[in-house]
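# Structure at a glance
Take a look at the letters that make up each chain.
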Amino acid sequence: MNVIDLQNVETIYEGESIPVIYNINLTVKAGEFLAIIGPNGAGKTTLLETINGILPYTAGRGFVLEKEIPIYKTAIRKEIGYVIQNFEIDPLAPFLSKDIVMSGRAGKIGMFRFVSKEDWEIVWYSMGLVGMIDFAHRPIGRLSGGEFQKILLARALAQKPKLLLLDEPFSNLDFSTRRQIEKLLNRIHEKQQMTIVIVSHDLSFIPSRCSRVIVLDQGKIIMDGEKEKILTSTMIDNIFHKKGVNQ
Amino acid sequence: MIDIPLALLFTSILGAVLAGFVCSTMGVFVVRMNLSSIGYCMSHAAFAGAAFGLMISVDSLISAMVFSFGVAFVLGPLSEKARLESNVVIGFLFSVMIALAFVFLNFIPGQAASGAALRILWGSIFSVGYNDLMFLLLLSFVLIFFIALFYKELLAVMFHRKLAESAGVNTKLFYFAVLFFTGFSVSLSLRLVGGLLVFALIINPTSTAYQFFYDFKKIMIFSPVIGIVSCLIGFWLSLITDFPIGASIVIVSAALFAFAIIISPKRRKWNGKQRKMGFKLNT
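Now for a description of the structure that goes with this document. (Residues numbered from 1 in each chain as written. Chains lettered and ligands numbered in written order. Predicted model: local features only at pLDDT ≥ 70, side-chain atom pairs only at ≥ 80, totals over all residues. Heavy atoms only, no water.)

### Observations concerning the overall build of chain A
Each helix and strand in chain A was counted, giving 9 helices and 10 strands. The C-alpha radius of gyration of chain A comes to 18 Å, within 12% of the 18 Å expected for a compact globule of 247 residues. In terms of overall dimensions, chain A has a C-alpha envelope of 50 × 40 × 35 Å along the principal axes. In chain A, which comprises 247 residues, the proportion classed as buried is 59%. Surface exposure of chain A reaches about 10,500 Å², of which carbon and sulfur atoms provide 50%. Across chain A, 30 positive and 28 negative side-chain charges occur, with their mean positions spaced 4 Å apart. (Helix = DSSP H or I, 4+ residues; strand = E, 2+ residues; numbered from the N terminus. Rg over C-alpha atoms; globule rule 2.2 N^0.38 Å. Buried < 20%, exposed > 50% of the residue type's maximum accessible area, 1.4 Å probe, protein only. Areas by Shrake-Rupley, 256 points an atom, 1.4 Å probe, with all protein chains shown as cover. Lys, Arg positive; Asp, Glu negative; His and termini not counted. Charge placed at Lys NZ, Arg CZ, Asp CG, Glu CD.)

Following this line, the structure appears as structure tokens:
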């Protein structure tokens, strides 16, 4: 089964005329671990947000879990765990970690339904999976960058998603925390055979279980293939050195 | 101290409690969504509406509600469609509403009507009627029901709107619901607290609660409690000093907020020892 199927997709932001991504043809099968790499401004986040329907595409057709994105976007989102690019959190924000993880289930539980004991069990399981169970009652503003990232990951996992979209999960993290998150993603993929799409501009942090890499540059896919082949190609070297991106 | 009949006293106290409850409950969402200025906008829309009602001899409560809802309906779609920051749209609507209010006030015939208009501006203990109480009571129950039923969605939206949307929550619906209920709360509290100060009853109690708690649920509980306490103490202050009630309530709520800032455990720096011991503040 194709988890993602994009056919000639193009996305233009409202009020603008130049597409951020265009001619996107992408098929991702169930259980694949895929990395989308590219320099800053290549359109990686736009591509992720087009997949989960937050940004409507302006041309082509797109399917997630064999459902057309614009028609079934709310239903589709309930099956997609999304970890947003690192954002600033107010240190005094009035939220406990466990509540943030539970908020990931809000859509899946559905309107007019209360949170059940089973939902909380899923929350504890997800927090345990990322090693954050002891932080359940910790205010999110008191977490370190790495801890916060793990909570966001637990939040996405609490959705019990069929597809996990991760936007720059390693940004603003120190080396050892990056390694921890990387191991965590490998473990999740190994244990749950979940389809994972990770976006990164840093070539040195592509999880080992990731087998396929897509290179996005100036809004279009320029390479798509096995990780080893892509990462050793001279084209990658040119793109990333030209843009001055970490390698 | 003013001597007032017991029935009127009871009506006024109940009015103060309910106005404190609805405004400071909505304040939790308004403050978290960074829409503090929506309070000014809604209250001035309601004020303009009340002035319009007086001008055309219609119940000012109804016209205040119509104007508040008008703003609520315009604000959300306008800021989304025009791709403008909510605060820019709020600033624009605020200025239009205050201008309209003064135009309408200018056309209110007779001195008695002018007195009524001023009561809308400053608020009055005596202007709370049975209908106001019934509406406030109804709104209080609706709010409790709304929050209890949609707590998980509201929490998700309050944390991060885009993340909530990505999890399949209809964030637009809850954003508009917050605007809508804020409009309701402001309109119904207008006669008691006054158009110029009602926004303070939205912002101050919530801001006070924010100084003490990290748990959103506790803020949801304590913000209305602080709002009600502010209204009751303000009411008493108004009775003994003959201050306008709106001003008294705002002075009390502002004093509570200032005191909260001073003693806030959230603002105290944790020392290394506390951190090491895993000390938790109000969690």
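### Overview of the pairing of strand β8 (residues 195-200) of chain A
All names here are of chain A. Counting buried positions along β8 gives 6 out of 6 residues, so the element sits mostly inside the fold. Neither face of β8 is open: one carries Thr195, Val197 and Val199, the other Ile196, Ile198 and Ser200, and all of them are buried. Direction of pairing for strand β3 (residues 33-37) relative to β8: parallel, over a ladder of 5 bridges. Looking at the pairing, leucine 34 lines up with valine 197 of β8. (Pairing = 2+ DSSP bridges.)

### Some details on the interface of chain A and chain B
Opposite the 42 residues of chain A that make contact, chain B presents 35 residues. Across the chain A/chain B interface, buried area totals approximately 3,300 Å², and carbon plus sulfur atoms make up 66% of it. Counting the surface chain A buries against chain B, the share from its top three residues, A:Pro94, A:Phe95 and A:Arg142, is 19%. Joining chain A to chain B, the criterion identifies 1 salt bridge. (Contact = heavy atoms within 4.5 Å. Buried area = accessible area lost by both parts, 1.4 Å probe. Salt bridge = Lys/Arg side-chain N within 4 Å of Asp/Glu carboxyl O.)

### Description of the side chain of B:Ser166
By the element assignment, B:Ser166 lies in helix α8 (residues 161-166). Exposure remark for B:Ser166: the relative accessible area of 0% places this residue in the buried category. Within the structure, B:Ser166 has its side chain in polar contact with the backbone oxygen of B:Leu163 (distance 2.7 Å). In this view, B:Ser166 contacts A:Asn52, A:Ile54, A:Arg77, A:Ile80, A:Tyr82 and A:Gln159; residues no more than four positions away in its chain are not counted. (Polar contact = N/O pair within 3.5 Å; in protein donor to acceptor, adjacent residues only side chain to side chain.)

### Digging into the pairing of strand β10 (residues 220-226) of chain A
Residues and elements named next belong to chain A. As paired strands, strand β9 (residues 212-217) and β10 are joined by 6 bridges and run antiparallel to one another. Of the residues in β10, the one forming a bridge with arginine 212 is glutamate 226. In sequence, β9 turns back onto β10 through a hairpin of 2 residues, with glutamine 218 there showing a positive phi of about 50°.

No statement about biological role is implied by the geometric values presented.
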